[in-house]
Amino acid sequence: MTRPSHIQVNLQALRNNYQWACELAPQSKTMAIIKADAYGHGAVACARALDDLAPAYGVACIEEALQLRQAGINKPILLLEGIFTDDEIATAAEQDLWMMVEDPWQVDAIVNAKLQQPVQVWTKMDTGMHRLGLAPFRLPELLAKLQASPNVCNGIVMASHFACADELSNDFTRQQIALFHSHLPSPDMPFSLANSAAIMAWPESHGHWNRAGFMLYGNTPLDAEHDSNLGLTPVMSLNSSVISLRQVAVGEAVGYGQLWKAQRPSIIATVAMGYADGYPRHASTGTPVLINGQRAPIIGRVSMDMITIDVTDLSGVCLGSPVCFWGHDLNANEVASHIGTIGYELITRMGQRLPKIYV
Ligand SMILES: *Cc1c(COP(=O)(O)O)cnc(C)c1O
């Protein structure tokens, strides 16, 4: 009496991946990035699973941070994009939320705020991503303002973010590191550069703090083979099962728009998973899934609640056969490459409809 579709989340794999991030950068503290509901895995459950390991968390906005506070998570939480409106500053100070400062208006807002206690600030330097961050030539002035303010705790951390750290043969990461250090106000100022890709592939970027996101969820962000990929285990499996099976004769079509037509007598399995669950509608014929652990292609158009799969070449498929759309034995990155996106988007976009089962 239950729709068989669900997201399975392996919290032991999450812990192992976190520990791998720490092993790759033993001199650094590793912040666990759990923005966007922990990349679709459930932020509260993931924070609880990491609470004895991670010294701090990172999220995208204060709403995400307060959700964690309400669930009893007491570690520092960094707002990676800082504040969006200045009324957030007092709440952040009260709730021990750390604030990234990435635009000059945020400096003025913090300095001018009426606070009961000071707030912990990170400043972001724009070293070439050109999305957020303070321009290097304005840093001395803006930093001096923050350091002179009673609203700001001592020990400001200087951060930056990489544009191309996932591309192993792209030299831009080295250029960003060099620019960063040439503008770091003092060599002993605590700093933070590395995201997952840089933790894994650019050890020269490791700082006092690293910021591990995607890698915690067990897929590699890197664009090529690398030894550091070997320590990762996928945390999410997207699962369902076969709800109908039928034979289709040569020339007959399957699904909306009759997009796919049988070239041979075929056996089609219908599975309870669709775009309303978050599986991308533009996944086309040929995108792989696992049925009973064997690979088979999606055929025809993804519907709101269902997907059709050509199982003609498989044996043993029956009603109730388990189907995995990505997970341990079928990497989300590989599936994403068929769909014209990246694993980050696939795991993060899964909506609220599917129940999550934590193991
Ligand atoms: C999301 C984010 C990260 C984590 O990036 P991953 O590639 O997922 O490791 C790190 N730093 C900032 C500022 C971010 O916004």
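Keep in mind the model is a prediction, meaning the values are calculated, not measured.

*Asks:* So what exactly am I meant to see when it comes to helix H7 (residues 139-148) here?
*Replies:* An α-helix turns once per 3.6 residues; consequently, residues spaced three or four apart project the same way. Buried residues of H7: Leu 139, Leu 142, Leu 143 and Leu 146, and no others. Along the axis of H7, the buried residues cluster in a sector spanning 95°; they form a single face. Away from the buried face of H7 by more than 90 degrees, exposed residues Pro 140 and Ala 148 are located. Buried-residue contacts for H7 involve helix H6 (104-112), strand E6 (121-124), strand E7 (157-159) and helix H8 (172-183).

*Asks:* Help me understand the site of the ligand in this model?
*Replies:* Taken together, Ile 33, Lys 35, Tyr 39, Leu 80, Lys 124, His 161, Asn 195, Ser 196, Arg 211, Gly 213, Phe 214 and Tyr 344 make up all the residues around the ligand. Note that an oxygen atom of the ligand is positioned 2.8 Å from one of the side-chain N or O atoms of Lys 35. Interatomic distance of 2.5 Å between a side-chain N/O atom of Tyr 39 and an oxygen atom of the ligand. Protein burial of the ligand: of its 390 Å² of free accessible surface, 93% is covered by the chains. For the shell around the ligand, the residue count by class is five nonpolar, four polar and three charged.

*Asks:* Just to check I follow, could you spell out unusual backbone geometry for this structure?
*Replies:* In most cases, non-glycine residues show a negative phi, while peptide bonds are predominantly trans. A positive phi angle, near 50°, is found at Tyr 39, a position not held by glycine. Of note, Tyr 39 is situated in helix H2 (residues 35-40). Judged by its relative accessible area of 7%, Tyr 39 falls in the buried class. Phi is positive for His 130, which is not a glycine, with a value near 55°. Turning to its location among the elements, His 130 is positioned in the loop between E6 and H7.

*Asks:* What should I look at first to understand the sheet that holds strand E8 (residues 191-192) in this one?
*Replies:* In a beta sheet, neighbouring strands are held together by backbone hydrogen bonds and run either parallel or antiparallel to one another. Spatial strand order, E8-E7-E6-E5-E4-E3-E2-E9: eight strands in an open sheet with parallel pairing. Of all the strands in the sheet, just E8 and strand E9 (209-212) have a single pairing partner and so form its edges. Across two bridges, E7 lies against E8 in parallel orientation. Considered in E8, the bridge of Met 158 is made with Phe 191.

Here is what the cut-offs are and how they apply
- Residues numbered from 1 in each chain as written.
- Predicted model: local features only at pLDDT ≥ 70, side-chain atom pairs only at ≥ 80, totals over all residues.
- Heavy atoms only, no water.
- Buried < 20%, exposed > 50% of the residue type's maximum accessible area, 1.4 Å probe, protein only.
- Helix = DSSP H or I, 4+ residues; strand = E, 2+ residues; numbered from the N terminus.
- Arc of directions from axis to C-beta.
- Contact = heavy atoms within 4.5 Å.
- Near = heavy atom within 4 Å.
- Polar contact = N/O pair within 3.5 Å; in protein donor to acceptor, adjacent residues only side chain to side chain.
- Areas by Shrake-Rupley, 256 points an atom, 1.4 Å probe, with all protein chains shown as cover.
- Nonpolar A, V, L, I, M, F, W, Y, C, P; charged D, E, K, R; others polar.
- Pairing = 2+ DSSP bridges.

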